[in-house]
Amino acid sequence: MHIEVAGIEPLPVFGLRIPKVATIAGAATATAVCGGLGFTDYLDLQISDNLLNLSNIRNQRCRNHSGITLFILQGLTDDPRFQVLLFIFLFLTYMLSVTGNLTIITLTLVDAHLKTPMYFFLRNFSFLEVSFTSACIPRYLYSLLTGDNIVTYNECIAQVVFITFFGSTEFFLLSTMSYDRYVAICKPLHYTTIMSSKVCYQLILSSLLAALILILPPLSLGLQLEFSHSNVIDHFLCDSYPVLKNSCSDTTFLRKIIAIFAVLLLMTTLVLVILSYAYIVKTILKFPSAQQRKKAFSTCSSHMIVVCMTYGTCIFVYIKPPGNEELALDKVVSVLMTSIAPVMNPFIYTLRNKQVIQAFKDFIKRITFITKV
């Protein structure tokens with residue numbers, strides 16, 4: 001048996017150095033390597049040692065950098081000219097969103113014709129929209145205006161909490177609004193009894209509590225994460241997945257928990273919405289008059305448009321296999337979700353609603369009269 005060793009070369013992936021055998025003669029081909037240790041066994045042993053070393057290095061890095069208190073938001077672009085256009089666009093959409101939703105809140109509070117459960121839920125939904133977009137957009141506008149894209153750890157976690165809480169509550173509220181439409185169309189004679197003021201407040205409180213209970217387990221696990229020296233978040237806001245990428249802890253379990261809770265939230269509320277509208281459509285089709293059917297469908301169409309927009313964007317961003325994130329596309333969808341959708345909702349609900357339009361006209365006349373006096 002004869003072996004010539006031509007030299008030593010590193011294994012590309014692990015930096016592993018193993019003998020490079022140039023000529024092997026004899027029956028016992030691999031057993032001569034390392035004093036009788038099989039070549040495959042020897043390679044497995046070296047790989048295990050290197051993986052252990054990598055794990056120790058990662059743990060040491062976590063211990064050395066676990067005190068990180070600042071994050072850098074990379075934003076959407078580094079091009080100054082595009083940043084100017086982006087600032088103008090986001091500023092206008094944010095102001096339109098706040099103005100439109102605050103207008104709905106004001107009208108439903110002051111107009112006697114809008115003191116119904118449907119507009120009560122619409123008022124709360126508008127409040128959530130203002131809160132949600134205010135948790136996302138103003139901080140990025142500040143970064144675009146001043147160039148200060150540094151956020152503290154506490155600010156970042158607070159943004160994650162508020163975005164998740166307000167967003168989750170919206171889904172429960174959308175299912176509640178679907179139930180309200182179901183009672184109004186399928187059980188009109190019992191509508192005022194079923195949807196009493198007490199029941200409406202209980203439904204709102206239940207939506208808030210359900211959202212809070214749903215986000216607490218992932219949040220409690222997320223607060224235990226440690227972060228490495230890389231504190232650059234490749235996003236324009238602190239969202240769960242971009243923040244997890246910066247952790248040097250093992251986030252596999254937490255990512256699965258977030259995916260499970262996202263599926264639970266979206267699918268549960270979506271099933272309630274689908275069931276409500278299935279009964280609604282079934283009842284409407286039984287109406288003898290075409291005018292009645294048209295009127296009934298028009299009262300539900302606005303809500304269905306908002307449901308499709310909200311569920312579509314969130315399912316795209318949050319319900320997908322871990323590791324398949326297309327970050328650039330996620331950023332675009334996040335912009336749609338945090339700036340465009342809150343702008344569209346007031347127009348969707350008002351332009352197709354004669355009562356809201358009339359209430360707005362009466363409100364303008366009242367303001368005009370007061371200013372003249």
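Up top is the structure.
None of these values were measured; they are calculated from a predicted model.

Calculation criteria
Residues numbered from 1 in each chain as written. Predicted model: local features only at pLDDT ≥ 70, side-chain atom pairs only at ≥ 80, totals over all residues. Heavy atoms only, no water. Disulfide = S-S within 2.5 Å. Helix = DSSP H or I, 4+ residues; strand = E, 2+ residues; numbered from the N terminus. Buried < 20%, exposed > 50% of the residue type's maximum accessible area, 1.4 Å probe, protein only. Pairing = 2+ DSSP bridges. Salt bridge = Lys/Arg side-chain N within 4 Å of Asp/Glu carboxyl O. Phe/Tyr/Trp six-rings, centres within 6.5 Å; stacked < 30°, edge-to-face > 60°. Expected span 1.5 Å × (residues − 1). Polar contact = N/O pair within 3.5 Å; in protein donor to acceptor, adjacent residues only side chain to side chain.

Q: Looking at this model, I keep getting lost on the state of the cysteines. Mind explaining?
A: Two cysteines form a disulfide when their sulfur atoms are joined by a covalent bond. With the rule as written, the count across this model stands at one disulfide. With its sulfur 2.2 Å from that of its partner, cysteine 156 forms a disulfide with cysteine 238. The disulfide joining cysteine 156 to cysteine 238 has a torsion of about -115° about its S-S bond and is therefore left-handed. In this pair, cysteine 156 sits in helix α4 (residues 153–186) while cysteine 238 sits in the loop between β5 (232–233) and α7 (240–244), placing the two residues 82 residues apart along the sequence. Given the relative accessible area of 1%, cysteine 156 is considered buried. With no disulfide of its own, cysteine 186 lies 8.8 Å from the sulfur of cysteine 300, the closest cysteine sulfur.

Q: What's the story with the sheet that holds strand β4 (residues 150–152) in this structure? I'm lost.
A: Backbone hydrogen bonds are what pair the strands of a sheet, in a parallel or an antiparallel way. Read from one edge to the other, the open sheet built from three strands follows the order β4-β3-β5, with strand pairing classed as mixed. Here the strands that pair on one side only, and so sit at the sheet edges, are β4 and β5. Where strand β3 (residues 70–73) lies against β5, two bridges are found, and the strand directions are parallel. By the bridge assignment for β5, leucine 73 is matched with isoleucine 233.

Q: I keep staring at the pattern of salt bridges and nothing clicks. Help me out?
A: Any two side chains of opposite charge can pair, on the condition that their charged atoms come close. If you walk through the whole model with that rule in mind, you get three salt bridges. Measuring nitrogen to oxygen at the nearest pair gives 3.8 Å for the salt bridge that ties arginine 81 to aspartate 79. Relative accessible area serves as the criterion here: at 30%, aspartate 79 is assigned to the partly exposed category. A salt bridge links aspartate 180 to arginine 181, with the shortest nitrogen-to-oxygen separation between them at 3.1 Å. Using a relative accessible area of 9% as the deciding quantity, one classes arginine 181 as buried.

Q: Help me understand the packing of aromatic side chains, please; the structure alone is not making it clear to me.
A: Two aromatic rings are characterised by how far apart their centres lie and by the angle between their planes. Scanning all chains against the criterion turns up ten aromatic pairs. On the basis of an interplanar angle of 10° and a centroid distance of 6.0 Å, the ring pair of phenylalanine 87 and phenylalanine 91 is categorised as stacked. Pair noted here: phenylalanine 87 and phenylalanine 91 are both in helix α2 (residues 80–110), with a separation of four residues, about one helical turn. Phenylalanine 91 gets classed as partly exposed once you look at its relative accessible area, which sits at 38%. Centroid distance tyrosine 140 to phenylalanine 236: 5.2 Å. Interplanar angle 50°. Geometry classified as tilted. Linking tyrosine 140 in helix α3 (residues 117–146) with phenylalanine 236 in the loop between β5 and α7, this pair joins segments that are 96 residues apart in sequence. With relative accessibility at 1%, the residue phenylalanine 236 sits in the buried group. Aromatic ring contacts, followed pair by pair, group Phe120, Phe121 and Tyr201 into a single cluster.

Q: Please explain α2 as it appears in this structure.
A: Because each turn of an α-helix spans 3.6 residues, side chains separated by three or four positions end up pointing in the same direction. Here α2 spans 45 Å end to end across 31 residues, near enough to the 45 Å set by a 1.5 Å rise per residue. Taken together, the buried positions of α2 are Leu86, Leu90, Thr93, Tyr94, Ser97, Val98, Gly100, Asn101, Ile104, Ile105, Leu107 and Thr108. Between a side-chain oxygen at the N-terminus of α2 and the backbone nitrogen of arginine 81 the separation is 3.1 Å; the capping residue is aspartate 79.

So far we have only geometry, and geometry alone does not tell us how the molecule works.
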